[in-house]
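# Coordinate analysis (summary)
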Amino acid sequence: MTGTTIVKTVFFAAPRETVWAFLTEKDKLAKWFHPANADLVQGEDYALLDRDSGEKLCWGSVLEMRPVSRLVWSFTVKPLNGAMTKVTWELEETAGGTRLSLNHEGVEPAAGEAAMSLLTALDRGWDEHFGKLRDTIKALILA
């Protein structure tokens, strides 16, 4: 099923601690992704909410947290009807900054016949969110 894993890599001119905070802290998640119901904590459920209605958009559990290096979530959205996928974030130091890699797997078995439609939507969504994260961190560094 690796052919249907969404893989993204993004570089930031910021330390891993800064990027990590934007992946795990409620107020920082809201700046580039979706508002969260709380800071992310290993072993606990999370929900990412619609800015206007407060309705759950994405949710799951934090499966693993190795601060500033690795974060793993179970992840679902409404079209998956409660079936869980897995999102793994890896942060590595690089020349003057951080390399952030994302692997989003399990969409095909979770979505069945709708897998390609959902894969393309999620792929596009991750690109948009990473663009916002890049702009948000750049603005923070320049401030």
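Model, not experiment: these values are computed from the prediction.

How each quantity is defined
- Residues numbered from 1 in each chain as written.
- Predicted model: local features only at pLDDT ≥ 70, side-chain atom pairs only at ≥ 80, totals over all residues.
- Heavy atoms only, no water.
- Helix = DSSP H or I, 4+ residues; strand = E, 2+ residues; numbered from the N terminus.
- Buried < 20%, exposed > 50% of the residue type's maximum accessible area, 1.4 Å probe, protein only.
- Contact = heavy atoms within 4.5 Å.
- Areas by Shrake-Rupley, 256 points an atom, 1.4 Å probe, with all protein chains shown as cover.
- Lys, Arg positive; Asp, Glu negative; His and termini not counted.
- Charge placed at Lys NZ, Arg CZ, Asp CG, Glu CD.
- Core = buried A, V, L, I, M, F, W, Y, C linked by side-chain atoms within 4.5 Å.
- Pairing = 2+ DSSP bridges.
- Axes fitted to C-alpha atoms, helices over the stretch in contact; angles between N-to-C directions.
- Salt bridge = Lys/Arg side-chain N within 4 Å of Asp/Glu carboxyl O.
- Expected span 1.5 Å × (residues − 1).

## Let's talk about the overall build of the chain
Of the regular secondary structure elements, the chain holds 4 helices and 6 strands. What you see in the chain, going N to C, is helices and strands ordered as β-α-α-β-β-β-β-β-α-α. Dimensions along the principal axes, computed over C-alpha positions, put the chain at roughly 45 × 35 × 25 Å. Taking all 143 residues of the chain together, 45% fall into the buried category. Considering only intrachain contacts with a sequence separation of at least 6, the fraction spanning at least 24 residues in the chain is 44%. Carbon and sulfur atoms form 51% of the exposed surface of the chain, whose accessible area is close to 7400 Å². Seen as two clouds, the 16 positive and the 20 negative side-chain charges of the chain have centres 3 Å apart.

## Structural notes on the nonpolar core
Judged by nonpolar contacts, the single largest core of 39 residues is most densely connected at Leu-71, Trp-73, Phe-75, Trp-89, Leu-100 and Trp-126. Per-element accounting of this core gives the leading share, 8 residues, to helix H4 (residues 115–142).

## So, the sheet that holds strand E2 (residues 45–49)
Whether parallel or antiparallel, the strands of a sheet pair through hydrogen bonds between backbone atoms. The 6 strands lie next to each other as E1-E6-E5-E4-E3-E2, forming an open sheet whose pairing is antiparallel. Strands with a single pairing partner mark the edges of an open sheet, and in this sheet they are strand E1 (6–12) and E2. The sheet shows a mean angle of 25 degrees between the axes of neighbouring strands, taken without regard to direction. Taken together, the 6 bridges between strand E3 (residues 56–66) and strand E4 (residues 70–77) define a ladder with antiparallel strand orientation. Bridge pairing links Val-62 to Trp-73 in E4. Most of the contacts of helix H1 (residues 16–24) go to strand E5 (residues 85–94), to which it runs at about 160 degrees, and overall it touches E1, E3, E4, E5 and strand E6 (97–105). Contacts from H4 reach E1, E4, E5 and E6, with the element oriented near 10 degrees to E1.

## Quick notes on the pattern of salt bridges
As enumerated under the stated definition, the model contains 11 salt bridges in all. Between Lys-8 and Asp-123 there is a salt bridge, with the nearest N and O atoms lying 2.6 Å from each other. Linking Lys-8 in strand E1 with Asp-123 in helix H4, this pair joins segments that are 115 residues apart in sequence. Using a relative accessible area of 12% as the deciding quantity, one classes Lys-8 as buried. Asp-123 sits in the partly exposed class, given a relative accessible area of 30%. A single network of salt bridges, built from pairs that share partners, joins Glu-64, Arg-66, Arg-70 and Glu-90.

## What to know about H4
For H4, with 28 residues, the first-to-last C-alpha span of 40 Å sits near the 40 Å given by 1.5 Å per residue. All buried positions along H4 are accounted for by Ala-115, Leu-118, Leu-119, Leu-122, Gly-125, Trp-126, His-129, Phe-130, Leu-133, Thr-136 and Ile-137.

Honestly, that's just the spatial picture; any functional story needs more than this.
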